[in-house]
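Residues per chain, in single letters:
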Amino acid sequence: CDKKRPRCGECIATNKPCGGYDMGHIFINVNSDGPATGWNRSQNAQKYLVLDLASQSNTSSQPQYPTIPAASFPVSSQYSTTMPAPAPILPRLPAPDPSNLSGMVELFLDLYYRRFGPDKTSTDLLQPGAECGGWRSLLPQWVGQSPVLDTAIGALAARFVGTQYQDENLIDQAQNMYLNALQLVQKELHLYILNQGLFESIFNRRRYEFSDPKYQPLIRQLFSVPRTHGSDLYMQWCEINLALPNILHAADSLSAPSASPTPQSIRALLDDIKTLGQRIAQWYDTVRALLPSPWTLPTAQTSPSSVPFPLHFLSIDVCTLYSLYWTSQLLLLDAKHSLYTIPASPYSKSLYLSSPPPTDPSLPAQTAEYASLICRSVQFCTQGTSFAATENMFMPLCVVLMFYRRQGDEERAGWCVDAFQKIAEEQRVGFTVELLGM
C-alpha cells in the first residue's frame, strides 16, 4: 500500500473502496471545557486521542497529545512555489460542437468529475450529485426542458471545456451563449441558483433579498422538492442559513466607525445571532449523529504545501458539511464579538456603571480555531481531486481569507490566496486571484 490519500493507489487501480489506515485518530471537540468523564491516559487511550481544544494548554512539559496551535500552517510563499500542483492529464479533446448539447454536457461531466477511462470511473471520495448541492449531475435531465435552460447549460459546458483545454474560440462561443441566455431568461427562482446567491452574499457580507420573510413560503416550497442525494443535510444548512448574510451586513453596519447604533438595535441583532446559532446547533447535532467526525494523524506532516495536522474525513460530502458548520460558526462568533466591542453595546461598561458587563474573552480564540479547522480541511478536498470536489471549499476558504484580512493577519491571508492559486493551476480553471478580489 502506498498510503496515498484520500485513497491508496492499489484501491484506485482495482476500483475498490479504500478502508484507510489504522494509525490512530484525534477526535476534536472545540467547545468542551475538559476531557470526557471517565477519560484515562492508558496505552490504549493514546491510540485514539481526544483533543479538547478549549481546555488543553500548550505549557505541559510532557503532553499526551500533539500540540495543534490555532491556524498553524505554512506561510504563503512556500505553499505556492515549493510544490507546484501537477496538472491533470486530460483525454484528447474531440472536435467541440456547442450545437451538440448532449455531447457537450457529457464531456463537461467527464472533465468535471474526472471520469476518464473506458469505465468513466472517478477516483474521488465523492458521490456524483453530492457536490455543492448536486445540480451538475442533473444537467442531462434538464436538457430539452426550455430554450433558456438549454442555452445556459450549453454556455456552462462550453466555457468549462474550453477553459480546461485553453480553447479561446470555445470560450468566446460560451460567452455569447451566456449573453443569449441572459436575454432569454425570465424572473424565475431555482433552488440551486438560490444557494449560489446565498454563498455569494455570505462571502461579500451583503444583504440577500431572498432572506426576507415574505419569500419564506416560496423558499419552503423550493426546499421541499426531492433531492438527487440521499442526505438532505446540505440543503438543510442552506435553508437554515438564509438569514446569515443579513445578520453579517447588519453587524458591519452597526460596527462601522460612522454608525451610531442604539443599545436596542444591538441587543436585537444579538438575539438574531443567538436564534440562528441555536438552529445551526440542532443541525450540527444531526450531522454528528449520522456522520463520523474528522480525524488527524498523531504525527505532524512536514510537507511545505500542507498544514502540520491536516484533517481527514470519511468522504468529500462529510468534509463539506463540517466545513459549512465551521464557516457559519466563525461568522456568527466574529459578528458577536464585533457587537460586544461597540461603545454603545448593551454589554459595554458605559451602560453598566454599577456592575461589570458580561464578557466572553474566549470568542476570538474560538473564532480563530474555526478558521484553522477550515484551512486544515482544504487539502482533503483539493489535493488530487476533481473540480467537483474542490468546489466545495471555495466559499469556506473565501470566508477564512476575509476573516484574516479583517484581523490584519496578512501572512495567513496570503496562505489562503496561494491555496486558491494552487487550485486554479491544478484544475485548469479560468479564474485568478485578481478576479476574486484577492
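Bear in mind the structure is a predicted one, so any value in this text is a computation, not a measurement. (Residues numbered from 1 in each chain as written. Predicted model: local features only at pLDDT ≥ 70, side-chain atom pairs only at ≥ 80, totals over all residues. Heavy atoms only, no water.)

What follows is about helix α11 (residues 244-255). Compared with the 16 Å implied by 1.5 Å per residue over 12 residues, the 17 Å span of α11 between its first and last C-alpha is a close match. For α11, the full list of buried residues reads L244, P245, N246, I247, L248, A251 and L254. (Helix = DSSP H or I, 4+ residues; strand = E, 2+ residues; numbered from the N terminus. Expected span 1.5 Å × (residues − 1). Buried < 20%, exposed > 50% of the residue type's maximum accessible area, 1.4 Å probe, protein only.)

With that out of the way, let us pick up helix α12 (residues 263-290). Taking 1.5 Å of rise per residue, 28 residues should cover 40 Å, and α12 covers 41 Å from first to last C-alpha, within 8% of that figure. Where α12 is concerned, the buried positions are I266, L269, L270, I273, L276, I280, W283, Y284 and V287. Taken together, the buried residues of α12 touch α10 (233-240), α11 and α13 (316-340). (Contact = heavy atoms within 4.5 Å.)

Another aspect to go through is the nonpolar core. Grouped together as the largest cluster of nonpolar side chains are 101 residues, with contacts concentrated most on F108, I202, W283, W326 and L330. The element that contributes the greatest number of residues to this core is α13, accounting for 14 residues. Both of domain 1 (93-192) and domain 2 (205-255 + 266-344 + 359-436) provide at least three residues apiece to this core. Not counting the four nearest positions on each side in its chain, I202 is found in contact with W237, L244, P245, L248, L331, M395 and V399. (Core = buried A, V, L, I, M, F, W, Y, C linked by side-chain atoms within 4.5 Å. Domains from an automatic or database assignment.)

With that settled, the discussion passes to the packing of α10 against α13. Closest axis-to-axis distance for the α10/α13 pair is 10 Å, and the angle between their directions is 15°. Classed by the angle they form, the pair α10 and α13 counts as roughly parallel. Seen along the crossing, α10 lies across α13 with a hand that is left-handed. Counted together, L233, Y234 and W237 of α10 and T320, L321, L324, Y325 and S328 of α13 form the full contact between these two elements. (Axes fitted to C-alpha atoms, helices over the stretch in contact; angles between N-to-C directions. Parallel < 35°, antiparallel > 145°, perpendicular 65-115°, else oblique. Left-handed = near helix turned anticlockwise from the far one by under 90°.)

A few words now on the packing of α13 against helix α14 (residues 363-375). Look at α13 against α14: their axes get within 9 Å of each other, and the N-to-C directions meet at 155°. As judged from the angle between their axes, α13 and α14 are roughly antiparallel. The crossing of α13 and α14 is left-handed. Along its contact with α13, which presents S323, Y325, W326, T327, Q329, L330, L333, D334, K336, H337 and Y340, the element α14 presents L363, P364, Q366, T367, Y370, A371, L373 and I374. The residue inventory of the contact of α13 with α14, partitioned by class, reads 11 nonpolar, six polar and two charged. (Nonpolar A, V, L, I, M, F, W, Y, C, P; charged D, E, K, R; others polar.)

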